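This is what each chain is made of:
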Amino acid sequence: MTKFYIFSLLALTYITPVFSAPWWEQLTVCRMDTTKCYNSMGAGYDSEMWDADAKCRGMKYICPDALVQQTTTATLISRNDVDDKTVIKSDYDTELLSDSGDCFGRRKMNKAGNQVMVNGQYVNVYCNGVLNKSDEILENGEIVYGTQPTCETLKRNGFIATENGKCFGKYYDESEHYIECGQGLKPERIIVLNGAQYSTTISDAPKTSADAEKLFKQMQSVSKSQKTQYFKK
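These figures come from a predicted structure and were not determined experimentally.

> Talk me through the overall build of the protein chain; I want residue IDs and the actual numbers.
Scanning the protein chain for helices and strands turns up three helices and 13 strands. Burial statistics for the protein chain: of 233 residues in total, 28% are counted as buried. Accessible area for the protein chain stands at about 16,800 Å²; split by element, carbon and sulfur atoms hold 55% of it.

> Account for the state of the cysteines, naming residues and giving values.
The bond known as a disulfide is covalent and runs between the sulfur atoms of two cysteines. In this structure the tally under the stated criterion is four disulfides. Between the sulfur atoms of cysteine 37 and its disulfide mate cysteine 56 the distance is 1.8 Å. Between cysteine 37 and cysteine 56, the S-S torsion sits near 100°, and that sign places the bridge as right-handed. Of this pair, cysteine 37 sits in the loop between helix H1 (2-15) and strand E1 (45-51) while cysteine 56 is found in strand E2 (residues 56-62), placing the two residues 19 residues apart along the sequence. Residues cysteine 37 and cysteine 56 agree in their burial class; the two are buried. Disulfide pairing is shown between cysteine 63 and cysteine 103; the S-S distance is 2.0 Å. Torsion about the S-S bond of the cysteine 63 and cysteine 103 cystine: about 100°, corresponding to right-handed handedness. Here cysteine 63, found in the loop between E2 and strand E3 (75-77), pairs with cysteine 103, found in the loop between strand E4 (92-97) and strand E5 (104-107); they are 40 residues apart in sequence, far enough to count as distant. Cysteine 103 carries the same exposure label as cysteine 63, and that label is buried.

> Go over the layout of surface pockets with me, naming the residues and quoting the values.
There is about 310 Å³ of room inside the largest pocket. Along the wall of the largest pocket there are 17 residues; nearest its centre are Asp99, Arg106, Arg107, Glu136 and Leu138. Secondary-structure elements contributing two or more residues to the lining of the largest pocket are E5 and strand E8 (136-138). With three residues, E5 is the single largest residue contributor to the lining of the largest pocket.

> Quick rundown of unusual backbone geometry? Include the residues and the values.
One non-glycine residue, lysine 55, lies in positive phi territory at about 60°. Of note in the backbone geometry, asparagine 119 takes a positive phi value of approximately 55° without being a glycine. Note on placement: asparagine 119 falls in the loop between strand E6 (115-118) and strand E7 (121-124).

> Break down the packing of aromatic side chains for me, citing the residues and quoting the values.
The final tally for this structure, using the stated rule, is four aromatic pairs. A centroid spacing of 6.5 Å and a plane angle of 55° characterise the contact between tyrosine 126 and phenylalanine 168, whose relative ring orientation is tilted. You can see tyrosine 126 sitting in the loop between E7 and E8 and its partner phenylalanine 168 sitting in strand E11 (residues 168-171), a full 42 residues away along the chain. For tyrosine 126, a relative accessible area of 1% translates into the label buried. On the accessibility criterion, phenylalanine 168 (7% relative accessible area) is buried. With a centroid separation of 5.5 Å and an interplanar angle of 65°, the aromatic rings of phenylalanine 159 and tyrosine 171 are classed as edge-to-face.

> Let's hear about the pairing of E5: which residues, and what values?
Two faces, one strand: in a regular strand the side chains alternate between the faces of the sheet. Direction of pairing for E4 relative to E5: antiparallel, over a ladder of three bridges. What sits directly across from aspartate 93, in E5, is arginine 106. Once E4 ends, the chain turns through six residues before running back antiparallel as E5, passing glycine 101 with a positive phi of about 80°.

> Can you explain the pairing of E1? Please cite residues and give values.
Pairing between E1 and E2: four bridges, direction antiparallel. Along E2, the bridge assignment pairs tryptophan 50 with arginine 57. Here E1 hands over to E2 after four residues, with lysine 55 in that stretch at a positive phi of 60°.

> Give a description of the pattern of salt bridges that names residues and reports values.
For side chains bearing opposite charge, pairing can occur when the charged atoms are close. Using the criterion set out here, one finds six salt bridges in the structure. Between arginine 107 and aspartate 91 there is a salt bridge; the shortest N-O distance is 3.9 Å. With arginine 107 in strand E5 and aspartate 91 in the loop between E3 and E4, this residue pair connects regions lying 16 residues apart in the sequence. One exposure class covers both arginine 107 and aspartate 91, and it is buried. Between glutamate 180 and arginine 189 there is a salt bridge; the shortest N-O distance is 2.8 Å.

Calculation notes
Residues numbered from 1 in each chain as written. Predicted model: local features only at pLDDT ≥ 70, side-chain atom pairs only at ≥ 80, totals over all residues. Heavy atoms only, no water. Helix = DSSP H or I, 4+ residues; strand = E, 2+ residues; numbered from the N terminus. Buried < 20%, exposed > 50% of the residue type's maximum accessible area, 1.4 Å probe, protein only. Areas by Shrake-Rupley, 256 points an atom, 1.4 Å probe, with all protein chains shown as cover. Disulfide = S-S within 2.5 Å. 1 Å grid on protein atoms, 1.4 Å probe; cavity = no way out; pocket = protein on both sides within 12 Å on 5 of 7 lines; lining within 4 Å. Points joined across faces, edges and corners; volume = space filled by probe spheres on them. Phe/Tyr/Trp six-rings, centres within 6.5 Å; stacked < 30°, edge-to-face > 60°. Pairing = 2+ DSSP bridges. Salt bridge = Lys/Arg side-chain N within 4 Å of Asp/Glu carboxyl O.

Written out as structure tokens, the structure reads:
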């Protein structure tokens with residue numbers, strides 16, 4: 001009996017320190033890891049999701065277009081993979097929210113915001129209505145992926161590739177302007193048509209001084225009326 005009593009006291013002496021701390025502070029109690037992957041998480045994040053790869057809480061929704069492996073919906077991506085070019089397309093910036101504001105992944109753009117990256121190269125963003133057909137519509141205009149517009153293709157619709165805020169494209173009424181294209185994207189000359197009648201055929205040229213004077217008076221009269229119309233006091 002004495003031996004059993006001594007053993008019991010020893011047992012109590014040994015185990016007492018283990019239970020001296022509150023149960024919720026015991027090492028054997030499982031606790032939620034509150035380590036955050038991102039300092040602040042709002043739109044475009046799932047702040048409750050546990051990122052098993054990065055061993056922290058919170059994951060980004062990446063937009064479908066920004067993913068190398070195409071999906072139809074935004075996908076939660078580990079912090080370890082948001083800079084991985086085998087997962088995220090190099091044309092996209094995963095630090096920026098999309099136009100929709102619910103996922104990350106916006107095309108990289110220049111400082112002016114009127115050019116974005118397509119296949120590693122910056123292309124012009126054209127104002128709405130400038131292009132006959134576009135491959136992608138952005139917040140500030142439209143882009144094409146492949147062959148880019150030329151001066152001639154834009155001229156057919158009366159546009160020139162001049163900067164217009166955060167997009168390219170300015171309209172010129174063909175009845176008032178003639179657009180002369182050269183080798184570049186922008187026209188070499190824009191000729192203002194002032195209403196004077198002209199012809200490129202030799203047969204219409206004045207044959208006598210009287211004919212020349214008559215034509216000159218007609219041109220002078222048209223010029224005067226145009227000046228009155230466009231240069232009002």
